[in-house]
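Now for the letters of each chain:
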Amino acid sequence: MTKFPSTEVDPANTPWSYETTAVQTGIPRGLGETVGLPIHQAAAFQFSTLEEAQDEFARNQGLSYARLQNPTVRALEERLTALEGGAATVALSSGQAATLTAILSVCRAGDHVAATASLFGGSAGLLNNILPLMGISATLTENTPGAIAAAMRPNTRLVWAETIGNPAGDVPDLAALAQIAHERGALLGIDNTWGGVGYLCRPLEFGADLVTHSLTKWAGGHGSVLGGSVTAGSRHDLTRNPIYTEGGENSLLSQRGEQALAWRVRWLGAHQMGMTLSPHSAFLLAQGLETLALRLTRESETALALAQWLSGHPRVQGVSYPGLRSSPHHALAQKYLRGGFGAVLTFEVPDPAAFLARLKVIRIAPNLGDTRTLAVHPWTTTHGRLPEAARRAAGVSAQTIRMSVGLESLEDLQADLEGALA
Ligand SMILES: *Cc1c(COP(=O)(O)O)cnc(C)c1O
C-alpha cells in the first residue's frame, strides 16, 4: 500500500504542549527530509503493480488521486487532529465546506438540526436555505441548554453551536449541550473557529463529537488563504443513527467501526462533493498554525484592553466581549476558554458609516483572525441577508461594529478608534 511519510508522532497520544505540537507534527525526521512542510503539488500518485492499485481503491487509506488525499493536506490534518485532541481530521476547501460536510455526515432527508441562533451568517444560511433543499430541517434558538432541549425532536441528529457566537460573543454551555444531544442519540457539533484550533478551547474535551473550523481565520492567520476542517472525536455513539446502522453487516458501523464518522466525512466532503483543499493552501494553513498560539495570545490581550477602554468611552455603548467581567457570558467563557478570550469584540457607535470612514489603521473588511485589525458593520454586510429578528438574535443591531483585533500595537489601535469616535 502507498504509505504516507511517518512523522513519528501519534497525534492522539502526544505529551507535547500546544506550542510544540503546532510546530512539530506532520513533518518527518531523517536524512534529507525538509525541515518545514513540503508542498506535494500533484494530482495523482503512482502504483508499481495493479495489485497495489486495487488494494488502495478498496481501502482508500493511502495515495491515489489528490481529490481524495495528498501528503501536504494529510500533514495539515495530522496537525489539526493533534491540536484539537481528536481522532481524525478531514481538511476541506473552506469553512462553509466543512460545516456542510459535518451536517451531512449525520443528517439525511427527514432529519433535524437543533442549533443556537448566534451563528456565523453562512452557517445560518446553510441551515435555513440549503439543507431544507435536501429535506433536512433546522431550529435556530436561544443559546441556552433549556432552549436547545426544547428544540430537540425525535429526528434531531445534531446539536450545533459555536464556541463563541458570532458576533454576540456568547459561549454555549458545552457540557450541558453534549448531555442533551447524547441523551437523545444525537451528536454535538461545534464550530470552533473562534476557539482558535484548540488553543482557546477544545470542545471535544467537553463532550462535543465533531469540531469544525474555518481555517481561513486564525489558522491561516494572515488573510491569505481559504480552508476548513472537520475533526471527529473518539467517543461518539452512532448506534442510534440509521445512516450508520442500516444494512446489517454492510452498515457503515460494521464496516468501518470507530473510523465510520471520519470515513464518511472524507467520503462526502472530498471524494464525492470534491470540496478538497489544495496542497498550496494546506501548506499556508499549516504554516499559520505554527504561530497561532503567539498571535492569539497577543490579540486576546489587545482585545481585552480595547474592550475595557471602550466600555468607559462616552461615545460607545454595548461593548460585548466574553473577557469582560460585566459580560453575561463571562462565567461560561472562564469555564471553557483558556489562554485568552479571543480576538473579536463588538460595540455600538452612533453613526457606523461615519465611524468606519474615519479609521486610518483599522481596515473595513469581513475577515477574522488576520494579522491586521478589521472592522465591519454586520447589520448591512456579514449578517445583512438574515431577517431582522434573526440579526437581533445573533446579537447584531444597526449600530453594531464587529472588530477582529490584529497584531498592531494597542496604542495605535486606541488612537485610531479615538480619532474615528471624535
Ligand atoms: C468564516 C466562518 C465560517 C465560514 O468559513 P469560510 O472559510 O469563509 O467558508 C464558518 N464559521 C465561522 C465561525 C466563521 O467565522
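Residues numbered from 1 in each chain as written. Predicted model: local features only at pLDDT ≥ 70, side-chain atom pairs only at ≥ 80, totals over all residues. Heavy atoms only, no water.

Asker: What should I look at first to understand the packing of aromatic side chains in this one?
Answerer: Across all of its chains, the model carries 5 aromatic pairs by this definition. Ring centres of Phe206 and Tyr336 lie 4.7 Å apart, and the angle between their planes is 85 degrees; on these two criteria the pair is classed as edge-to-face. With Phe206 in the loop between strand E5 (187-191) and strand E6 (210-214) and Tyr336 in helix H13 (residues 330-336), this residue pair connects regions lying 130 residues apart in the sequence. Here Phe206 falls in the partly exposed class, since its relative accessible area comes to 27%. A relative accessible area of 2% means that Tyr336 is categorised as buried. The ring of Phe120 is capped by Lys217, whose NZ or CZ atom sits 5.0 Å from the centre of that ring. Residue placement shows Arg391 over the ring face of Trp379; its charged tip is 4.3 Å from the ring centre. (Phe/Tyr/Trp six-rings, centres within 6.5 Å; stacked < 30°, edge-to-face > 60°. Helix = DSSP H or I, 4+ residues; strand = E, 2+ residues; numbered from the N terminus. Buried < 20%, exposed > 50% of the residue type's maximum accessible area, 1.4 Å probe, protein only. Lys NZ or Arg CZ within 6 Å of the ring centre and 35° of its normal.)

Asker: What exactly am I supposed to notice about the side chain of Glu56 here?
Answerer: Within the element layout of this structure, Glu56 appears in helix H2 (residues 50-59). Buried charge Glu56 goes without a salt bridge, the closest partner of opposite sign being Arg59 at 6.1 Å. Only 3.3 Å separates the side chain of Glu56 from the backbone nitrogen of Gln61, close enough to count as a polar contact. (Lys, Arg positive; Asp, Glu negative; His and termini not counted. Salt bridge = Lys/Arg side-chain N within 4 Å of Asp/Glu carboxyl O. Polar contact = N/O pair within 3.5 Å; in protein donor to acceptor, adjacent residues only side chain to side chain.)

Asker: Could you clarify how one ought to interpret the domain arrangement of the protein chain in this entry?
Answerer: Frequently, the measure chosen for interface size is the accessible area removed from exposure when the parts meet. Assigned domains of the protein chain: these are domain 1 (11-289) and domain 2 (293-421). The C-alpha-based centres of domain 1 and domain 2 are spaced at 27 Å. In this assembly, 39 residues from domain 1 lie in contact with 38 residues from domain 2. Of the roughly 2900 Å² buried where domain 1 meets domain 2, counting both sides, 61% is carbon and sulfur surface. Taken together, the links from domain 1 to domain 2 amount to 1 salt bridge. The partner of Asp173 in a salt bridge is Lys335, with the nearest N and O atoms 3.9 Å apart. For the pair domain 1 and domain 2, the number of links is 14 residue pairs in polar contact (both at pLDDT 80 or more). Listed by contribution, the elements that provide at least two residues to the side of domain 1 that touches domain 2 are helix H1 (18-24), helix H5 (121-130), helix H7 (174-183) and helix H11 (279-290). In terms of residue class, the side of domain 1 that touches domain 2 is made up of 20 nonpolar, 13 polar and 6 charged. (Domains from an automatic or database assignment. Contact = heavy atoms within 4.5 Å. Buried area = accessible area lost by both parts, 1.4 Å probe. Nonpolar A, V, L, I, M, F, W, Y, C, P; charged D, E, K, R; others polar.)

Asker: Sorry if this is basic, but what is going on with the site of the ligand here?
Answerer: The environment of the ligand is formed by 13 residues, the closest being Gln96, Asp191, Ser214, Thr216 and Lys217. A distance of 2.8 Å is found between an oxygen atom of the ligand and a backbone nitrogen or oxygen belonging to Gln96. Interatomic distance of 2.6 Å between a side-chain N/O atom of Asp191 and a nitrogen atom of the ligand. Protein coverage of the free-state accessible area of the ligand, which is 380 Å², stands at 92%. Taken together, the residues of the shell around the ligand break down into 3 nonpolar, 7 polar and 3 charged. (Near = heavy atom within 4 Å. Areas by Shrake-Rupley, 256 points an atom, 1.4 Å probe, with all protein chains shown as cover.)

Asker: Would you mind going over the sheet that holds strand E12 (residues 400-404) with me for this structure?
Answerer: To summarise the sheet geometry, strands pair through backbone hydrogen bonds and adopt either a parallel or an antiparallel arrangement. Read across the sheet, 5 strands follow the order E8-E9-E12-E11-E10 without closing on themselves; strand pairing throughout is mixed. Since the sheet does not close on itself, it has two edges, and those belong to strand E8 (317-320) and strand E10 (363-364), each with one partner. As judged from the 5 bridges shared by strand E9 (residues 344-348) and E12, these two strands associate in the antiparallel manner. What sits directly across from Val344, in E12, is Ser404. Strand contacts of helix H12 (residues 292-311): E8, E9 and E12, with the helix running at about 15 degrees to E9, the strand carrying the most contacts. (Pairing = 2+ DSSP bridges. Axes fitted to C-alpha atoms, helices over the stretch in contact; angles between N-to-C directions.)

Asker: Please clarify how helix H16 (residues 410-421) should be interpreted in this entry.
Answerer: Two residues of an α-helix separated by three or four positions point the same way, owing to the 3.6 residues in each turn. Taking 1.5 Å per residue as the helical rise, H16 with its 12 residues ought to reach 16 Å, and the 16 Å between its terminal C-alpha atoms agrees with that figure. All buried positions along H16 are accounted for by Leu413, Asp416, Leu417, Ala420 and Leu421. An end-on view of H16 places all buried positions within 130 degrees of arc, on one side of the element. Relative to its buried face, H16 has exposed residues pointing more than 90 degrees away, namely Glu411 and Ala415. (Expected span 1.5 Å × (residues − 1). Arc of directions from axis to C-beta.)

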